[in-house]
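Coordinates in review
Here's the letter readout for the chains.
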Amino acid sequence: MNWNDVLNLSKHPLSAPRRVEKTDAEWKAMLTAVQYRVTRQHGTEAAFTGEYCEAHAPGIYACVCCHTELFDSTTKFESGTGWPSFTGPVDQNVITYKTDNSYGMQRVEVLCSVCDAHLGHVFPDGPRPSGLRFCINSASLKKTDAAEGRAGEEDAADADRSSTEALETATVGGGCFWCIEAYLDQLKGVHSVTSGYAGGHTEKPTYYAVCDGNTGHAEVVQVEFDPKVLSYSDLLKVFLIMHNPTTKNRQGADVGTQYRSIILTHNDAQATTAKTVLEEMQSYYEQTIVTEIVAVEKFYPAEQHHQDYYKNDPSKAYCQSVISPKLAKMREYFKGFLKQEA
């Protein structure tokens, strides 16, 4: 991993879990002098002086300002630098990255994405598999022991189970539905993905009729997801990064209106969010995004042999040449958002 790889971490525009904002006076009142200097004034504690420099007991390291969980002790290693070092955060969306050119050198600053607390810096000289060293100030952290961490995981699991009663539906299309189904199904919070057809003008379309381009339908997937785990906004951002939304009626070798980039919204709130996300994502692409936003009228599930296409036989030529590389991209770009880390 090199500097470009590190800097590219900041190109994943997924939102943080929540925001915590306070006035400068409020931060001063709740933090010690050292904590305030490090987290709010981008300071650095002296090497080998931090509370967690040589701590290796099991536990979770959270932001001292907002208590967001940032690092797990299982990723902590002895770097010999004098500061706590980790190979990666518990989730990619809890960290924000910023280029730091101070002191005549190029570094990447690491901040809490929830409250903007300065944590330290990340360097491309860590151990495998990440190749990264998150060099973090002890003053930026608050550690909880393993027992507390397990209790928190159990609470999160209970919350995830109860959330199945309030699932939300998203419908999107951008190329062959075999591919979209495979990569969106990897996301935490997604309970089901169904391939199908939508956005056309005929009743009960078939795969071959849609491929002829005469029904007006697009190949789409309908996703049932838990908005408490995965926001609609983040789902759309993953979708827009994982296909090319700037090519009209085309994805790679697949050409035709059935392969158009489209977001079919289920309510006014989704329509508003979709428009906002497209505006935010335009800066991610040099070409103009041509993704359609329309209200869903009717979704038709595709034939059974199109469902779980990749899961049923990943050895097929299309799966190996097209879908497998997409899944590798998912593992690289959205590590903290996947159901199972690869």
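Up top is the structure.
Residues numbered from 1 in each chain as written. Predicted model: local features only at pLDDT ≥ 70, side-chain atom pairs only at ≥ 80, totals over all residues. Heavy atoms only, no water.

1. Overview of the packing of helix 5 (residues 177-184) against helix 10 (residues 317-333)
Quick reminder of the rule: Working convention: axes come from line fits to C-alpha atoms, limited for helices to the stretch in contact. Angles between N-to-C directions cover 0 to 180 degrees. Labels follow the DSSP assignment, with helices taken as runs of H or I lasting at least four residues and strands as runs of E lasting at least two, numbered in each case from the N terminus. Helix crossings are classified by the rotation of the near helix relative to the far one: an anticlockwise turn of less than a right angle makes the crossing left-handed, while a clockwise turn makes it right-handed. Contacts were defined at the residue level, with two residues in contact if any of their heavy atoms lie within 4.5 Å. Each residue is assigned to one class: nonpolar for Ala, Val, Leu, Ile, Met, Phe, Trp, Tyr, Cys and Pro, charged for Asp, Glu, Lys and Arg, and polar for all the others, Gly among them.
Taken N-terminus to C-terminus, the directions of helix 5 and helix 10 make an angle of 35°; their axes are 10 Å apart at the nearest point. Crossing handedness for the pair helix 5 and helix 10: right-handed. Contact with helix 5, carried on its side by Trp178, Cys179, Ala182 and Tyr183, involves Tyr318, Val322, Ile323, Lys326, Leu327 and Met330 of helix 10 and no other residues of that element. Of the residues in the contact of helix 5 with helix 10, the class split is nine nonpolar, no polar and one charged.

2. As for the sheet that holds strand 1 (residues 59-63)
Formally: Here, a strand pair is defined by DSSP locating no fewer than two bridges between the strands.
Read across the sheet, three strands follow the order 2-1-9 without closing on themselves; strand pairing throughout is antiparallel. Each of the sheet's edge strands pairs with one partner strand only, and the pair in question is strand 2 (69-72) and strand 9 (141-145). On average, adjacent strands in this sheet sit at an angle of 30° to one another, irrespective of strand direction. As defined by bridge partners, strand 1 adjoins strand 9 across five bridges and the pair is classed as antiparallel. Considered in strand 9, the bridge of cysteine 63 is made with leucine 141.

3. Some words on the pattern of salt bridges
Stated formally: Any carboxyl oxygen of Asp or Glu within 4 Å of a side-chain nitrogen of Lys or Arg constitutes a salt bridge here. Using a 1.4 Å probe on the protein chains alone, a residue whose accessible area is under 20% of its type maximum counts as buried, one over 50% counts as exposed, and one in between counts as partly exposed.
The final tally for this structure, using the stated rule, is seven salt bridges. For the salt bridge of lysine 311 with aspartate 185, the shortest nitrogen-to-oxygen distance reads 2.8 Å. On the criterion of sequence distance, the pair formed by lysine 311 in helix 9 (residues 309-312) and aspartate 185 in the loop between helix 5 and strand 11 (190-198) is long-range, its members being 126 residues apart. Taking the relative accessible area as the measure of exposure, lysine 311 reaches 57% and is therefore exposed. Each of the salt bridges in this network shares a partner with another, and the network as a whole consists of Asp185, Lys311 and Lys339.

4. Considerations on the packing of aromatic side chains
Applicable threshold: For this analysis, a ring pair means two rings from Phe, Tyr or Trp (six-membered ring only for Trp) whose centres lie within 6.5 Å, classed as stacked if their planes differ by under 30 degrees, edge-to-face if by over 60, and tilted for the remaining angles. Criterion for a charge above a ring: Lys NZ or Arg CZ within 6 Å of the ring centre, and within 35 degrees of the ring normal.
In this structure the tally under the stated criterion is 13 aromatic pairs. When the centroid spacing of 6.4 Å and the interplanar angle of 15° are considered together, the rings of phenylalanine 225 and tyrosine 232 count as stacked. Members of the aromatic cluster, each reached through a chain of ring pairs, are Tyr52, Tyr61, Phe71, Phe86, Tyr97 and Phe134. The ring of tryptophan 27 has lysine 22 sitting right over it, with the charged end atom 6.0 Å from the ring centre. The cationic tip of lysine 143 hangs over the ring face of tyrosine 61; the distance from NZ or CZ to the ring centre is 5.8 Å.

5. Looking at the pairing of strand 11
Two strands pair when backbone bridges link them, and strand 11 and strand 12 (residues 218-225) are joined in this way by eight bridges, in the antiparallel orientation. Considered in strand 12, the bridge of valine 193 is made with valine 223. Pairing analysis gives three bridges linking strand 11 to strand 17 (residues 299-301), with the strands arranged antiparallel. In the strand pairing of strand 17, alanine 198 is matched with phenylalanine 299.

6. Side note on helix 7 (residues 232-242)
In terms of burial, helix 7 is a largely internal element, eleven of the eleven residues being buried. Looking only at helix 7, the buried set comprises Tyr232, Ser233, Asp234, Leu235, Leu236, Lys237, Val238, Phe239, Leu240, Ile241 and Met242. Looking at the buried residues of helix 7, the elements they touch are strand 10 (168-173), helix 5, strand 12, strand 15 (262-265), helix 8 (268-281) and helix 10.

7. Considering the sheet that holds strand 6 (residues 107-112)
Taken in spatial order, the six strands make up an open sheet running 3-4-8-7-6-5, and their pairing is antiparallel. Two strands in the sheet have a free side with no partner beyond their single neighbour: strand 3 (76-77) and strand 5 (95-100). Sheet analysis places strand 5 next to strand 6, joined by six bridges and oriented antiparallel. Its bridge partner lying in strand 6, isoleucine 95 is registered against cysteine 112.

8. A few points about the side chain of glutamine 35
Of note, glutamine 35 is situated in helix 3 (residues 33-40). In contact with glutamine 35, other than residues within four places in its own chain, are Arg40, Val64 and Ala139.

9. Some thoughts on the nonpolar core
The condition is simple: Nonpolar cores are built from buried Ala, Val, Leu, Ile, Met, Phe, Trp, Tyr and Cys residues. Side-chain atoms within 4.5 Å join them into one set.
Counting 46 residues, the largest nonpolar core has Tyr183, Leu184 and Leu187 as its most contacted members. Of all the elements, helix 7 adds the most residues to this core, at eight residues. Not counting residues up to four positions away in its chain, the partners in contact with leucine 187 are Leu230, Val238, Met330, Phe337, Leu338 and Lys339. The next biggest cluster of nonpolar side chains, apart from the first, holds 29 residues, and it includes Tyr52, Cys63, Val64 and Val108.

10. Quick look at unusual backbone geometry
Negative phi values dominate among residues other than glycine, just as trans dominates among peptide bonds. With phi around 65°, aspartate 116 is a residue other than glycine that occupies positive phi space. Within the element layout of this structure, aspartate 116 appears in the loop between strand 6 and strand 7 (118-123). Within the chain, asparagine 249 stands out as a residue other than glycine whose phi angle is a positive 55°. Turning to its location among the elements, asparagine 249 is positioned in the loop between helix 7 and strand 13 (250-251).

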